[in-house]
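Each chain, letter by letter, is given below.
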Amino acid sequence: MSEISLQPFLHDAQLSVAAPSFCASRSDGQVGGGADGFYHGDRRFLSRLEIGVPGVPNAPVATAQGDDGQTTFVTVLRGLAELTADPAVTLERRRELRPGRLTERYTVRNAGGLTARLRLDLRAESDFAAMDEVKAGRDVPATAPAAHQDGLRWSEGPLTATLTVSPAPDHRATDTGVLGFDLELAPGASWQAVLECTAEHRDGDLFPAPSAGAAPWNTPEVTGRDHHLAHWIDRSHRDLRGLLLSDPLRPEDHFLGAGAPWFLTLFGRDPLWAARMMLPFGTDLAAGTLRTLARRQGRAVDPATEEQPGKILHEVRREEQHLDAGSQLPPCYYGTADATPLWITLLHDAWRWGLPGDQVEELLPYAESALTWLEHHADADGDGFLEYVDTSGTGLSNQGWKDSSDSIRFRDGRIADAPIALSEVQGYAHEAAVAAATLLDAFGRPGADRWRQWAEDLRLRFRAHFWAEDAHGPYPVVALDRDKRKVDSIASNMGHLLGTGLLDEEESALVARRLTAPGMDSGFGLRTLDADAAGFNPLGYHTGSVWPHDSAIAVHGLARAGLHDAAAPLAAGLVRAAAAFDQRLPELFAGHPRGQYARPVPYPASCRPQAWAAASSVLVLQALLGLEADAPNRRLRVRSHITPGYEALRVTGLTVAGLPIEVSTDHTGAIDLRAPEGFTTTTGH
């Protein structure tokens, strides 16, 4: 049997994030093996950072995460200075991460009754592995270090990692990367040292960290009844701050890196969805995301990168990525079918939440280019639907959000052949066309009526071609394949159709019944594929797992369709799952039923934190409140009562057009919205 490379698992890793840097380690703080390391800009600058006493067990007893990349680890150095079974000597490791800089503060304390004499060793290595190498589980040889002042230095091409320690080590073995300290601690005594490692790229950062200052959204605060939703929102806010990046072409424009460790860079759909979810707390993040992507909007036809005029990109890296199964992606890759309509919709929604008119107007030419792409490039075969196919032969075979190679399949397990027209992409396109028409009218630009008709024609075609029926009734299929056959699996994609205008009231109710059925609702969120499908795997990346953003989009869509009773159990499942993951929901987790396991089972290689998983907390809150904004017409909408279980809350930090909104619910669940002066409030069910 030939050896294969295995993707590293992350479910038990401790991640500290300060984009474009992050540090991944074990629960005891040790860095070494798998995906562990100190990373900056998609390169691993430290592949090992271990501290301990040779021959002495180092037993972890506590881990505490603080704000902004701070983590504390406490371990017991077992057997040292012990007279009884009580631990005596502890090692505390306080990690602080800043963009391009890792700092660790070590404290050894002797609380025993004997003097502790020990040799404490620090061992550090660097391999400068690229992210695709780490993700694929490939072995990368370590780089030889050089002595540097009170530490070590590694260099490879434009990359340099510099490590220093204070006080200076008593021993230094440059060939093995070991720095040693001889300690003698009397009872009650302690010793401290500080390590710093800096990461430098001679050419600068591809996407640097924002300059110091507040995040581009208001700080959310949910108080009152002690509820897991409040804790989820608070933790998500802190994680999202750590994922912030800026556009080097205009540093004041900020966006969210998709997630750590694998996707801490500029993507298309991920930051678009995350910024859209965060709109109730401000429009600055949306504006920065829109402008950053607009500057890189496609201008030419290039089959190698899948660039087309008006198209919004999929992702940007410094280097080409070499993926599994022979796939390789160019540094700037456009292989996505959905980012372009999502860009248009975010522009519209940001305007509705109060993005100033002059900022909207400067982006309208990019919206018109995106519409041109919808009309002239997105429908390659002229059948009236948006579809995709990997024209390069080495890119992504699936180009919706479910972009793994086996994600789009028939109910009997067969993989669909491209070109593929995804159901949710048609929903995004319909919503984008209607949104664009509204913007064109509002800003006195031509074409609104034509795009409304385009959307209506798409809606009618979708009804004629995307619906199937089984023993439980009609439902929208996941896609059409190369031969226009209905890819008939029951999948979470249908949840993205809700609220886009593509479905009527009866169709929305049919979708709601499917989503809340036991095969789709795991009790912790929506499965990506129905449990009765032949290809179902609860640990399949897109074939049975649960993605928080996917579930939150369905929850919000159900709320927009007025189907709050259907939205409630799905929202409760997400809140329940967040609590089980210490309020830091991962990119995805297993789709096992709640009745089988009391806690959600991790997907071992999942990113955590992930931007749209964290921002989903705000989308769920918005759905529960039924909160909608129409800043141009000075209107707000909210439900009359919140879903039972969320009574006696007070939400601050909400804003429309830069003005504060406050929402509270009493013990009966009645919602009170304090709107800015000049705004009218409509209350619905």
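Please refer to the structure placed before this passage.
All figures in this text were calculated on a predicted structure; none of them were measured in a lab.

Draft legend 1. Summary view of the overall build of the chain. Scanning the chain from terminus to terminus reveals 12 helices and 35 strands. Taking 2.2 N^0.38 as the reference for a compact globule, 685 residues should give roughly 26 Å; the C-alpha atoms of the chain span a radius of gyration of 26 Å, in line with that estimate. Overall size of the chain, expressed as C-alpha extent along the three principal axes, is 80 × 60 × 50 Å. Among the 685 residues that make up the chain, the fraction classed as buried is 60%. Per element, the accessible surface of the chain, about 25600 Å² overall, is 48% carbon and sulfur. Taking the average location of the 64 positive side-chain charges in the chain and that of its 90 negative ones, the two points are 2 Å from each other.

Draft legend 2. Quick peek at the packing of aromatic side chains. Inspection of every chain in the model, using the stated rule, returns 15 aromatic pairs. Aromatic pair Phe385 and Phe466: ring centres 5.1 Å apart, planes at 75°, arrangement edge-to-face. Of this pair, Phe385 sits in the loop between helix H6 (357–376) and strand E25 (421–422) while Phe466 sits in the loop between helix H8 (448–465) and strand E26 (467–470), placing them 81 residues apart in sequence. Relative accessible area serves as the criterion here: at 0%, Phe466 is assigned to the buried category. Where Tyr541 meets Tyr603, the ring centres are 5.7 Å apart and the plane angle is 45°; that geometry is what we call tilted. Taken together, the residues Tyr541 in the loop between helix H9 (505–515) and helix H10 (548–560) and Tyr603 in the loop between helix H11 (564–580) and helix H12 (611–625) connect sequence positions 62 residues apart. With relative accessibility at 22%, the residue Tyr541 sits in the partly exposed group.

Draft legend 3. Geometry of the sheet that holds strand E2 (residues 21–25). The strand order E1-E2-E4-E5 describes an open sheet built from four strands, whose pairing is antiparallel. Only two strands of the sheet have a single partner each, and these edge strands are strand E1 (14–18) and strand E5 (43–46). Mean inter-strand twist for the sheet, computed between neighbouring axes without regard to direction, equals 25°. Strand direction decides the pairing type here: strand E4 (residues 37–40) and E5, joined by three bridges, are antiparallel. Note that in E5 the partner of Phe38 across the bridge is Leu46.

Draft legend 4. Layout of the packing of helix H5 (residues 339–352) against helix H7 (residues 423–442). As a packed pair, H5 and H7 sit with axes 8 Å apart at the nearest point and diverge in direction by 45°. Taken together, the axes of H5 and H7 lie oblique to each other. As H5 runs across H7, the sense of the crossing is left-handed. Where H5 approaches H7, its residues Pro341, Leu342, Ile344, Thr345, Leu347, His348 and Trp351 are matched on the opposing element by Tyr428, Ala429, Glu431, Ala432, Ala435, Ala436, Thr438, Leu439 and Ala442. Classifying every residue of the contact of H5 with H7 gives 12 nonpolar, three polar and one charged.

Draft legend 5. Molecular detail of unusual backbone geometry. The omega angle of the peptide bond from Ser166 to Pro167 is 5°, so this bond is cis rather than trans. The omega torsion of the bond from Ala418 to Pro419 falls at 5°, within 30 degrees of zero and hence cis. Along the chain, Pro419 falls in the loop between H6 and E25. Its identity as a non-glycine residue notwithstanding, Phe128 has a phi of 50°, on the positive side.

Draft legend 6. Molecular detail of the pairing of strand E6 (residues 48–52). Taking burial as the measure, the five residues of E6 include four buried ones, the bulk of the element. Sheet topology note: the strand E3 (residues 31–32)/E6 ladder contains two bridges and is antiparallel. Bridge assignment links Val31 to a residue of E6, and that residue is Leu49. Bridge analysis of E6 against strand E11 (residues 116–125) gives five bridges, and the strand direction is antiparallel. When the sheet's bridge partners are listed, Gly52 is paired in E11 with Asp121.

Draft legend 7. A look at the sheet that holds E3. Strands sit in the order E3-E6-E11-E16-E15 across an open sheet of five strands; the sheet is antiparallel. Whereas interior strands pair on both sides, the edge strands pair on one side only; in this sheet they are E3 and strand E15 (171–173).

Draft legend 8. Quick peek at H9. Looking only at H9, the buried set comprises Glu507, Ser508, Leu510, Val511, Ala512, Arg514 and Leu515. The inward-facing, buried residues of H9 abut H8, E26, strand E27 (473–476), H10 and H11. At the N-terminal end of H9, a side-chain oxygen is found 3.2 Å from the backbone nitrogen of Glu506, two or three residues along, and the residue is Asp504.

Draft legend 9. Representation of the side chain of Thr143 in the model. Here Thr143 shows up in the loop between helix H1 (131–135) and strand E12 (146–148). In contact with Thr143, other than residues within four places in its own chain, are Ser126, Asp127, Phe128, Trp154, Ser155 and Glu156.

Draft legend 10. Region of the structure containing the nonpolar core. Among the nonpolar cores identified, the biggest contains 172 residues, and Trp217, Leu256, Trp343, Leu347 and Ile408 are the most heavily contacted of them. Counting residues per element, this core draws most heavily on H12, at 11 residues. Phe45, Leu102, Leu118 and Ala193 belong to the second largest nonpolar core, which has 41 residues in total.

Draft legend 11. Inspection of the environment of Pro602 at higher detail. Within the secondary structure, Pro602 is located in the loop between H11 and H12. Residue Pro602 is classed as partly exposed on the basis of its relative accessible area of 31%. Separated by 12 residues in sequence, Pro602 and Ala590 have C-alpha atoms that sit 5.8 Å apart. Non-local contacts of Pro602, meaning those with residues more than four positions away in its chain, are made with His11, Leu539, Phe581, Phe589 and Ala590.

Draft legend 12. Region of the structure containing the pattern of salt bridges. Throughout the structure, instances matching the rule amount to 56 salt bridges. In this structure, Arg276 and Glu431 form a salt bridge, with 2.8 Å as the shortest nitrogen-oxygen distance. Taken as a pair, Arg276 in helix H3 (residues 269–277) and Glu431 in helix H7 lie far apart in primary sequence, 155 residues in all. Among the ionic contacts, a cluster of salt bridges with common partners joins Asp247, Arg250, Glu252, Asp253, Arg291, Arg295, Arg296 and Glu362.

Draft legend 13. Looking closely at the packing of H10 against H11. Relative orientation of the contacting elements H10 and H11 amounts to 155°, with a least axis distance of 8 Å. Considered as vectors, H10 and H11 are oriented roughly antiparallel to each other. Crossing of H10 against H11: the hand is left-handed. Residues Pro548, Ser551, Ala552, Val555, Leu558 and Ala559 of H10 touch H11, and the partners they reach there are His564, Ala566, Ala567, Leu570, Ala571 and Leu574.

Draft legend 14. Spotlight on the pairing of E11. Of all 10 residues making up E11, seven are buried, and the element is well covered by its neighbours. Of the strand pairs in this sheet, E11 and strand E16 (residues 178–185) are connected by eight bridges, and their pairing is antiparallel. Residue Ala116 lies in a different strand from E16, and its bridge partner there is Leu185.

Draft legend 15. Fine view of the state of the cysteines. Under the definition given, this model contains zero disulfides. Unpaired in this structure, Cys23 has its nearest cysteine sulfur neighbour in Cys197, at a distance of 9.5 Å.

Draft legend 16. A look at the side chain of Ser25. As for its placement among the helices and strands, Ser25 is situated in strand E2. Overall, the relative accessible area of 0% leaves Ser25 in the buried class. A polar side-chain atom of Ser25 sits 2.9 Å from a polar atom in the side chain of Arg95. Setting aside residues no more than four positions away along its own chain, Ser25 makes contact with Ala13, Gln14, Gln30, Val31, Asp36, Phe73 and Arg95.

Rules used throughout
- Residues numbered from 1 in each chain as written.
- Predicted model: local features only at pLDDT ≥ 70, side-chain atom pairs only at ≥ 80, totals over all residues.
- Heavy atoms only, no water.
- Helix = DSSP H or I, 4+ residues; strand = E, 2+ residues; numbered from the N terminus.
- Rg over C-alpha atoms; globule rule 2.2 N^0.38 Å.
- Buried < 20%, exposed > 50% of the residue type's maximum accessible area, 1.4 Å probe, protein only.
- Areas by Shrake-Rupley, 256 points an atom, 1.4 Å probe, with all protein chains shown as cover.
- Lys, Arg positive; Asp, Glu negative; His and termini not counted.
- Charge placed at Lys NZ, Arg CZ, Asp CG, Glu CD.
- Phe/Tyr/Trp six-rings, centres within 6.5 Å; stacked < 30°, edge-to-face > 60°.
- Pairing = 2+ DSSP bridges.
- Axes fitted to C-alpha atoms, helices over the stretch in contact; angles between N-to-C directions.
- Parallel < 35°, antiparallel > 145°, perpendicular 65-115°, else oblique.
- Left-handed = near helix turned anticlockwise from the far one by under 90°.
- Contact = heavy atoms within 4.5 Å.
- Nonpolar A, V, L, I, M, F, W, Y, C, P; charged D, E, K, R; others polar.
- Polar contact = N/O pair within 3.5 Å; in protein donor to acceptor, adjacent residues only side chain to side chain.
- Core = buried A, V, L, I, M, F, W, Y, C linked by side-chain atoms within 4.5 Å.
- Salt bridge = Lys/Arg side-chain N within 4 Å of Asp/Glu carboxyl O.
- Disulfide = S-S within 2.5 Å.

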